[in-house]
Amino acid sequence: SFGGAWCHVPFILMSGLTVTSISLTSHTLLPVSAVNKHKPWIETSYHGVITENTDIVLLDPPLVALDKDAPIPYAGEICAFNIHGLEAPFKAVVLNGTSGEGQLRARGLVDCELQKEYTFIIQAHDCGSGPGGTEGKKSHKAVVHIQVNDVNEFAPVFREPQYHAAVTEGKIYDSILQVEATDQDCSPQYSQICNYQITTTTTPFAIDRNGNIRNTEKLSYDRQQQYEIQVTAWDCGQKRALHSVPVRIDVKPVCKPGWQGWNKRVDYEPGTGSKQLFPKMHLETCGGPLSSVRTTVELQTSHIGKGCDRETYSEKSLQKLCGASSGSTDLLPAPSAATNWTASLVTDSGRDSDLIFRFDGRQAAKIPDWVVPQNLTDQFTIATWMKHGPSPGLRAEKETLLCNSDKTEMNRHHYSLYVHNCRLVFLLRRDFTQVDTFRPAEFHWKLEQICDKEWHYYVINVEFPVVTLYVDGVTYDPYLVTDDWPIHPSQIDVQLTVGACWQGGEVTKPRFTQYFRGSLSGLTIRPGKIESQKVISCLQACKEGLDINSLESLDKNIKFHFNPAQSILVMEGEDLENMNAAVRKVSYINSRQFPTPGIRRLRISTTVQCFGEDTCITIPDIDAVVMVLQPSEPRITITGVERLSRPASDLRAAGGIALFQDLHIISTVTRADATAHHTARRPGVLEEIIHNLDYCDVLVLGEELRPGQESLQLQRSALLGKHLDATNSTSGMSIYGVDSMSNYEQVIRQVHYYNWQPGPLLERRFRLTCSELNGRYTSNEFNLEVSVNNSFSGTDKAGEHVNHMIAPPQYMQVVHHPSMIHGLYPSVPSAATVVIVMCIAALVVVVVLGIYRIHLTHQQEVKLAETTKEADATWNDSALTITVNPMEVGGLEEEEEDDEEEDEEDDITSAESDDSEEEVDVQLPRMQRSSKKGQNWDKTTISY
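Since we're looking at a predicted model, the values are computed, not measured. (Residues numbered from 1 in each chain as written. Predicted model: local features only at pLDDT ≥ 70, side-chain atom pairs only at ≥ 80, totals over all residues. Heavy atoms only, no water.)

**Here we look at the packing of aromatic side chains**
Note the threshold: Each Phe, Tyr or Trp ring (for Trp, its six-membered ring) is paired with any other whose centre lies within 6.5 Å, and the angle between the two planes then decides the class: stacked below 30 degrees, edge-to-face above 60, tilted in between. Only DSSP runs of H or I reaching four residues or more are called helices, and only runs of E reaching two or more are called strands; each is numbered from the N terminus. Three exposure classes are used, based on accessible area relative to the maximum for each residue type with a 1.4 Å probe and protein chains only: buried under 20%, partly exposed in between, and exposed over 50%.
What the rule picks out here adds up to 16 aromatic pairs. Geometrically, the ring pair formed by Tyr 268 and Tyr 588 is edge-to-face, given 4.9 Å between the ring centres and 90° between the ring planes. Here Tyr 268 is found in strand β20 (residues 265-268), whereas its partner Tyr 588 is found in strand β44 (residues 586-590), with 320 residues between them in sequence. Residue classification places Tyr 268 among the buried positions, given a relative accessible area of 1%. Among the residues examined, Tyr 588 registers a relative accessible area of 0% and is labelled buried.

**Thoughts on the sheet that holds strand β11 (residues 163-168)**
Filter applied, for reference: Any two strands are treated as partners once DSSP identifies two or more bridges connecting them. Between N-to-C directions, angles cover 0 to 180 degrees, with each direction set by a line fitted to C-alpha atoms, over the stretch in contact for helices.
Pairing in this open sheet of four strands is mixed, and the strands run β11-β18-β17-β14 from one edge to the other. At either end of the open sheet lies a strand with only one pairing partner, and these are β11 and β14 (193-198). Here the strands of the sheet are splayed against their neighbours by 30° on average, with no regard to which way each runs.

**Some thoughts on helix α6 (residues 741-748)**
Rule in force here: Note on contacts: a residue pair qualifies if any of its non-hydrogen atoms lie within 4.5 Å across the two residues.
Among the eight residues of α6, six are classified as buried, and the element is accordingly described as predominantly covered. Residues Met 741, Asn 743, Tyr 744, Glu 745, Val 747 and Ile 748 constitute the buried set of α6. Along its buried surface, α6 packs onto β50 (664-671), β51 (685-689), β52 (692-701), β55 (732-740) and β57 (763-772).

**What to know about helix α2 (residues 315-322)**
In an α-helix, one turn spans 3.6 residues, which is why side chains three or four residues apart end up on the same side. Every buried residue belonging to α2 is among Glu 315, Ser 317, Leu 318, Gln 319 and Cys 322, and all of these are buried. Buried-residue contacts for α2 involve β24 (329-330), β28 (379-387), β40 (517-527), α3 (533-540), β52 and β55. Looking one or two residues past α2, Gly 323 carries a phi angle of roughly 80°, positive in sign.

**Comments concerning the packing of α2 against α3**
Quick note on the threshold: Each angle is binned into one of four classes, with values under 35 degrees roughly parallel, values over 145 roughly antiparallel, values of 65 to 115 roughly perpendicular, and all other values oblique. Left-handed describes a crossing whose near helix is turned anticlockwise from the far helix by less than a right angle; the clockwise case is right-handed.
Interhelical geometry of α2 versus α3 gives an angle of 130° and a closest axis separation of 9 Å. When the axis of α2 is compared with that of α3, the two are oblique. Our pair here, α2 against α3, has a crossing hand that is right-handed. Side by side, α2 and α3 meet where Leu 318, Gln 319 and Cys 322 of the first sit next to Val 535, Cys 538 and Leu 539 of the second.

**A closer look at the state of the cysteines**
Note the cut-off: We call a pair of cysteine sulfur atoms a disulfide when they lie within 2.5 Å.
Overall, the coordinates contain eight disulfides when judged by the stated rule. Covalent S-S linkage joins Cys 696 and Cys 770, the inter-sulfur distance amounting to 1.9 Å. Looking along the S-S bond of the Cys 696-Cys 770 disulfide, the torsion reads about 115°, which is the right-handed sense. Taken together, the positions of Cys 696 in strand β52 and Cys 770 in strand β57 put the pair 74 residues apart, joining distant regions of the chain. You'll find Cys 696 and Cys 770 in the same group, each marked buried.

**So, the sheet that holds strand β9 (residues 142-149)**
Remark on secondary structure: sheet strands pair via backbone hydrogen bonds, oriented parallel or antiparallel. The sheet built from seven strands is open, its strands ordered β5-β8-β9-β3-β4-β7-β6 with mixed pairing. The open sheet is flanked by β5 (78-84) and β6 (90-96), the only strands paired with a single partner. On average, adjacent strands in this sheet sit at an angle of 35° to one another, irrespective of strand direction. Bridge analysis of strand β3 (residues 45-51) against strand β4 (residues 56-60) gives three bridges, and the strand direction is antiparallel. What sits directly across from Gly 48, in β4, is Leu 59.

Below, the structure is given as structure tokens:
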């Protein structure tokens, strides 16, 4: 430091010839500014290098500061180097203040991986005026740039813990897969991977410097399906990875494009809704780039029922269920006593109660005149199910489904429906009285469905002159319509036939002709109305089909289309993964509560397109089956009161008697016990279920109802608001229509029985049965007995009763049950009294005719013993056994009263007897009772 210092300065004074040396004392001082005139000087920039984990920085150029004040002490010396920067981890030290040499050092260990370079500012300071450095000067600022040299301290590490690849046998790959290792060192020399090596010996694989693994020979799936090798890596500093990485390579057989991951059989449990068919399926394309994929899924159900699983109710029930117009005539009903014209036809009911008639060219049926609709107006409908194939022979004949022709004399066809050369033709010849001009008469349709050997539903709606054909709910207009003149009127009767056409005239012998070959079902005619498309669709709707599970989650780029029956689904998309996801959503659904069990075949066909090509690879079709399991069969049970005993007055009343007032209908199924597989085999568990019924029949057992005297009746109001209808006859009543069991209960409870002239021995027996699915499931036979308990007070019936008792049938036994008699008739005279009085009356009528009854009263005590013996002898001659209640013998004394008391007692007895029978529901006797003079018969049980 030079500030404020003074020094000795020699001066030489010259004056002329004399030089004088002046000596100044040491106390003479000069200002510092006169000595420290210059700032230190350093380079403008420095570049340094430091190796990580060391502290000395090698600078270029070296750190040296110069000062022009040198060699003046302090002023020409360097005292310090100051660093200016954002916490630079370096310091500068002065090695030699005189020479100005300095050194840059790290304050601590530097890490290249944390920071590779540093930049900061440095300045030099001189010593100024003295040791304290006061009044010193600073050099200009210089920039220092330092680079941290890396040390190879990290080994390579692989990015994945293991690698996996799959190859196809028989091919040489340039690269099967690539492994990759990294190094955490900061410099390119030590952070880059310069080499990979397979450490496993004797493997058919090699690896290059970039980590690509390839096979050196063709691999064979039969020889080895999987390889596992170890791979290591070196960085460019020749440091090896501490751990090798495993690589697994699977060998696949030669790739075959097609669907994979699907099951040959899919089981469907009834009642489970929609079930996915291919939840894990995907399309293998063998790596080829595809532009689009089109897949068709087809459900084949032609062998089930009439083409698919449909409701198998009767035609009337189905029409009622679908809201069809009433008044249709079923031309092919099930054979019965009332519908015997179909008895000669060949039926194929199948296992699902689906009534089908098969025609082989030799069968036909005449429809009775009382069945034929007489007034076919300008509007009517003909509907039928038909299954038909190509006709044999080169020149096929007409095959008639329905024909209305002259019964005799002539051979005119008034209207007919027939097939000719796979064309459906409807002929309609109008009468001359209806129209006298040339009008449309023949309507032709040419459709593939007519001869494809599959079931189809045909409906012909006639709104003359327009005729429309519906096939499976789809509308078709005729491709050809021919005109004809109307038919001239005549008095010739017509004949309606099914399966052929009747030729009654112009031949030597009337016969059938133009036979049909195929199958028909549900052939109906409805005059006066045509069906709507909604009803037609309902009548032929399938209850099973394909479905898409979670349709809302289907990718928006997937296009799909169902056919009307939902048996064919077409899906198309461009992205393979989206198509795979879409196909996995395809499901099967069957909405029937009791579906037809068995297999449904599935076929999946696929076409793919590649970029710039029409087709690139071929995807083979796959075939699978849906197995619809057997549903739990319901057991329909009818319960209620089985015996009714009513007075005759109730039967004659305006309301009659309700036969099934306490009726109950339930249905149960047997479910498998869920714990059965844990324990021994256990029976199933009964579970009550709810389902529909389609008819209940009330049959009259024995003799039919006598018209005008007795009948079954049901108020039409009972059917309102329900899908039910009823028919009535002398043989019983039928309630039909698809409706709930509770609605059937309500209606059947309102069935009443009327009898305006109940006979003395009246006993009626009825049988009630119910059905689901047209007889596929039937209930138990519920039998009901109705008896009349009459008490006759007139003398006109007494003789009849006496005659019956004189000569009773040999096979009849009458047994009185004391407990029953006592409980039912507490105020009626004893059984012994009744029997004895009747025997006396019988003897008196036979032996002494015309004797007054008062004489009998006076002679009762005298003749009592004799009468008893004679009565025993009389009864022993027959097979009739009478058991007398001994507890009621005392009642004999009551017979010894006068006539007035007897008459009054008889009246009271009769009234009380009727009242008691109304209170107790038991079986009534076949034998009737007379109220004349105590000849009253109590209830008996008659056994044969």
